[in-house]
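# Fold and contact review
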Amino acid sequence: MPLQDIDPVHAAVAAATFTAILLCYSQIRAFQHNIAEARSTGFKYVVLPFFLFGAPGAIASPLLLPLLKLLPERWTERWLPLLMSASRGWHDGYGPFRAIGADTFVAVSSSRNILFTCDPEAVNHILRSNAFDKPMDLLNILNVFGPTMTGTSNQESRLYRKITTPFFNENSMQQIWTRSLDGAQAALKVLVGSQKSRHVEEMRPTLAKLSLYLVNAVCFESDKDCADELQDCSDISSSHNMSYSHAMHTMLDHFATIFLTPSWLLKTSPLTVHKKAGQASIELLKYMEDLRDSKKKDIESGKTRKGSTILDLIVRAGEPPDNHPTPVLQPSAVIGNIFIFMFAGHEANANTLTFAILLLACHPSLQQLLQDDIDNILGRSAYSHQNWCYESLYPLLSESMVGAIINEALRIATVLPFLPKAVPKDSPQSINISNSTHVIPANTLVLINTSAVHRHPKFWPEPRSPLSPANNPNPVASFNPQHWLPSRDTLSEKGGRSKGLLRPQPGTFVPFSDGSRGCLGKKFALVELCALITRIFSEYSVELAVRGLKLDADRAEMKREWDKVRAVAEHNLSAGVEFGMSLRLTAPLPVTFVKRGEERFAQL
Ligand code: HEM
């Protein structure tokens, strides 16, 4: 038939049909191939209709997931929780593993297979083996300002770690200890003022500013006043439109928008969300460039001590060494790594501290045990934190109820519900579980589900709440710092004991990850949290805010009101928790800070 006789509509339909058949065929082939690979591992497998991870997943999820949720549950119960891992992973905890009946399994999709695991042997092996890399396609979200230690391959990240590791020495720990004690005092002034007790509607914003202030003071040489930073009243210089802290927190609140929207659109879009996100990222970039430039000047004029801060180490590595034309760090990596330390160095601390305080507010009797330990350890120096010596007190406090509470908050409110890893594209990796070897095919994505690891029923049995058994998960009912102090309360046998605190079996407690890509700031975070908790609870108790109760209310009435407020707290600490850049409480949970001795609900 001559070409001009072909009906264009028919031609288009034929082309579309052919393309659709080709697409279906290639999808079926890809599924067949990936199912065969999943079988070859010897693990159970589940088939996913889509691969909803990384940037395409983040765009498609808001449209697809609500539709998939409309399907009958019995069709979706095995795979939908896996597709919703990013938003629901913490809530579901061990649930998906229980549903599938295995601690390690493969989720098959046409584009890529995912190995999900919460098995301690597998977790320990994967985290400690350098052969498992980071999935850069998923983590490049962190490289918005330039390559970062967290968002790059093992090889590149090793260079950034080598440059910054010298900062994490005992001198820096001493500094974070002292600054945190002063910072806690400033935060208490903002939260409670000079009153004996005060309701605080939302504690997290103040604690987030405090953690950001601390990381800037110790790692980035900021000389800003803590009280000014906490109240957002530091001077904003003429070259900026937002305070530093406002820029950082707005940027983190809009991280996904910034990552997914092209920068030209952020600049020109009329949408408020784009404008806010764009302005915050521009402002934050300017702040980081200002820091870099003023450090460069100090280095040139010899005004600064070599290697004393993260800023110094990063900026020096960005300068060409004598007789060398190129620096060790590229300019974009200088800014990228300044950003990652600012972000990683405060967000997780603020969230962990918020959870720890709120969980203690729900448990007055545990708070009392904490304060007993603090009093015993501090002795007569209790009221003047200026004399609290890091070298002598930190080891004691970290092995007491203070350390137990930090570990328990890290266990329950797992800051990162997943640790992503990847099998290299060109070499399959084997893991041993219970004396069986499993070969994981090349390019498999590996998701260590830390929420399931930390709530694995075999290692961390959880009591149900008598108040609201329906809450799932139930951090309030599960909060049991005495897990960590077996000598106070003999719980189930779980591994050995390191000095005072329980040392859990390898692979059952990994809030900071582990191995060569484990958290570089682990001790920094633990020292900061220890100082803040000790300083706050040495002087104050924190109670759930029970409003409208008369001063002469009798014990029964007080108990009734308290139980009501606690049930709301249990619900909010479960349903009101979200994962964005890290796990956060987003529901309101007002508390009352009370001078010790003035508590109203301690004895109920
Ligand atoms: C409660 C506080 C903290 C928690 C729970 C925490 C947790 C983690 C986890 C789980 C990772 C591994 C992430 C992954 O594998 O994708 C990590 C990495 C990292 N953390 Fe932390 N972190 C905390 C505080 C800090 C602090 C205070 C700093 C710095 C001052 C810091 C700096 C880093 C850095 C630089 C990395 C990247 C390491 C690498 O990729 O090689 N973190 N953190």
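All values reported here derive from a predicted model rather than from experimental measurement.

## Notes on the coordination of the iron atom of the ligand
- For the iron atom of the ligand, the sole protein-derived donor is Cys519 (SG), lying 2.3 Å away.
- In this fold, cysteine 519 is placed in the loop between β10 (501–502) and α25 (522–539).

## Some points on the packing of aromatic side chains
- Across all of its chains, the model carries 19 aromatic pairs by this definition.
- Measuring from ring centre to ring centre gives 6.4 Å for phenylalanine 116 and phenylalanine 418, while their planes differ by 75°; the resulting arrangement is edge-to-face. Taken together, the positions of phenylalanine 116 in strand β3 (residues 114–117) and phenylalanine 418 in strand β5 (residues 418–422) put the pair 302 residues apart, joining distant regions of the chain.
- Classification of phenylalanine 116 as buried rests on a relative accessible area of 1%.
- Ring pairing ties together the aromatic residues Tyr94, Phe97, Phe105, Phe116 and Phe418, which thus form one cluster.

## A closer look at the packing of helix α11 (residues 204–219) against α25
- Relative to each other, α11 and α25 sit at 125°, their axes nearing to 12 Å. Overall, the two elements α11 and α25 adopt an arrangement that is oblique. At the point where α11 passes α25, the crossing takes the right-handed sense. Taken together, the residues of α25 that come into contact with α11 (itself represented by Leu210, Ser211, Leu214, Val215, Val218 and Cys219) are Phe524, Glu528 and Leu532.
- Here the contact of α11 with α25 is built from residues that sort into 7 nonpolar, 1 polar and 1 charged.

## Here we look at the sheet that holds strand β14 (residues 591–595)
- Strand order across the open sheet formed by 3 strands is β4-β14-β11, with antiparallel pairing between neighbours. The open sheet has two edge strands, β4 (197–200) and β11 (540–544), and neither has a second partner. Across the sheet, the mean angle separating the axes of adjacent strands is 25° when strand polarity is ignored.
- Bridge count for β4 against β14 is 4 bridges, and the pairing is antiparallel. The residue of β14 that forms the bridge with valine 200 is valine 591.

## Some details on the sheet that holds β5
- One open sheet holds the 5 strands; their spatial order is β1-β2-β3-β8-β5, and the pairing between them is mixed. Of all strands in the sheet, those with a lone pairing partner are β1 (44–47) and β5, marking the two edges. Within the sheet, the average angular offset between the axes of one strand and its neighbour, ignoring direction, is 25°.
- In terms of strand pairing, β3 meets strand β8 (residues 445–449) through 4 bridges, oriented parallel. Within β8, the position partnered with leucine 115 by the bridge is valine 446.

## With respect to the UniProt feature "transmembrane region" (unreviewed entry) in the chain
- Per the UniProt record, "transmembrane region" (unreviewed entry) is found at residues 6–25 and 46–68.
- The span residues 6–25 is 90% helix and 0% strand, and its two end C-alpha atoms sit 27 Å from each other.
- End-to-end, the C-alpha atoms of residues 46–68 are 16 Å apart, and along that stretch the chain is 65% helix and 9% strand.

## Points about the packing of helix α13 (residues 244–253) against helix α16 (residues 272–300)
- At a minimum axis distance of 8 Å, the contact between α13 and α16 shows a crossing angle of 130°. Here α13 lies oblique to α16, going by the angle between them. Here α13 runs over α16; the crossing is left-handed. For the pair formed by α13 and α16, the contact residues are Tyr244, Ala247, Met248, Thr250 and Met251 on the first element and Lys276, Ala280, Ser281, Glu283, Leu284 and Tyr287 on the second.

## Quick word on the site of the ligand
- Taken together, 26 residues sit near the ligand, with Lys134, Arg161, Asn349, Arg517 and Cys519 positioned nearest.
- The backbone of methionine 149 places a nitrogen or oxygen atom 3.5 Å from an oxygen atom of the ligand.
- In the model, an oxygen atom of the ligand is placed 2.7 Å from a nitrogen or oxygen of the arginine 161 side chain.
- Of all the elements in the fold, those that place two or more residues in the shell around the ligand are α9 (154–164), α18 (331–344), α19 (347–361), β5 and α25.
- By residue number, the principal contributor to the shell around the ligand is α19, which donates 3 residues.
- Of the residues belonging to the shell around the ligand, the class tally is 15 nonpolar, 8 polar and 3 charged.

## Here's the deal with helix α22 (residues 401–412)
- With 12 residues, α22 ought to run about 16 Å at 1.5 Å a step, and its terminal C-alpha atoms sit 16 Å apart, in line with that.
- By the criterion of burial, α22 is predominantly enclosed, with 12 of the 12 residues buried.
- All of the buried residues in α22 are Met401, Val402, Gly403, Ala404, Ile405, Ile406, Asn407, Glu408, Ala409, Leu410, Arg411 and Ile412.

## Some remarks on the pattern of salt bridges
- Evaluation of the coordinates by the stated rule reveals 23 salt bridges.
- Between arginine 88 and aspartate 92 there is a salt bridge, with the nearest N and O atoms lying 3.9 Å from each other. Remark: aspartate 92 and arginine 88 occur in helix α5 (residues 85–92); sequence separation between them is 4 residues, near one turn of the helix.
- One salt bridge connects lysine 296 with glutamate 319, and the closest N-O pair in it is separated by 3.7 Å. With lysine 296 in helix α16 and glutamate 319 in the loop between α17 (310–317) and α18, the pair connects residues that are 23 residues apart, well separated along the chain.
- Overall, the relative accessible area of 28% leaves lysine 296 in the partly exposed class.
- Taken together, the shared-partner salt bridges in this structure form one network comprising Arg204, Asp253, Glu347 and Arg584.

Cut-offs used in this document
Residues numbered from 1 in each chain as written. Predicted model: local features only at pLDDT ≥ 70, side-chain atom pairs only at ≥ 80, totals over all residues. Heavy atoms only, no water. Donors = N, O, S within 2.8 Å, 3.2 Å for Na, K, Ca; no water. Helix = DSSP H or I, 4+ residues; strand = E, 2+ residues; numbered from the N terminus. Phe/Tyr/Trp six-rings, centres within 6.5 Å; stacked < 30°, edge-to-face > 60°. Buried < 20%, exposed > 50% of the residue type's maximum accessible area, 1.4 Å probe, protein only. Axes fitted to C-alpha atoms, helices over the stretch in contact; angles between N-to-C directions. Parallel < 35°, antiparallel > 145°, perpendicular 65-115°, else oblique. Left-handed = near helix turned anticlockwise from the far one by under 90°. Contact = heavy atoms within 4.5 Å. Nonpolar A, V, L, I, M, F, W, Y, C, P; charged D, E, K, R; others polar. Pairing = 2+ DSSP bridges. UniProt positions renumbered as here; feature names shortened; annotations may be inferred. Near = heavy atom within 4 Å. Polar contact = N/O pair within 3.5 Å; in protein donor to acceptor, adjacent residues only side chain to side chain. Expected span 1.5 Å × (residues − 1). Salt bridge = Lys/Arg side-chain N within 4 Å of Asp/Glu carboxyl O.

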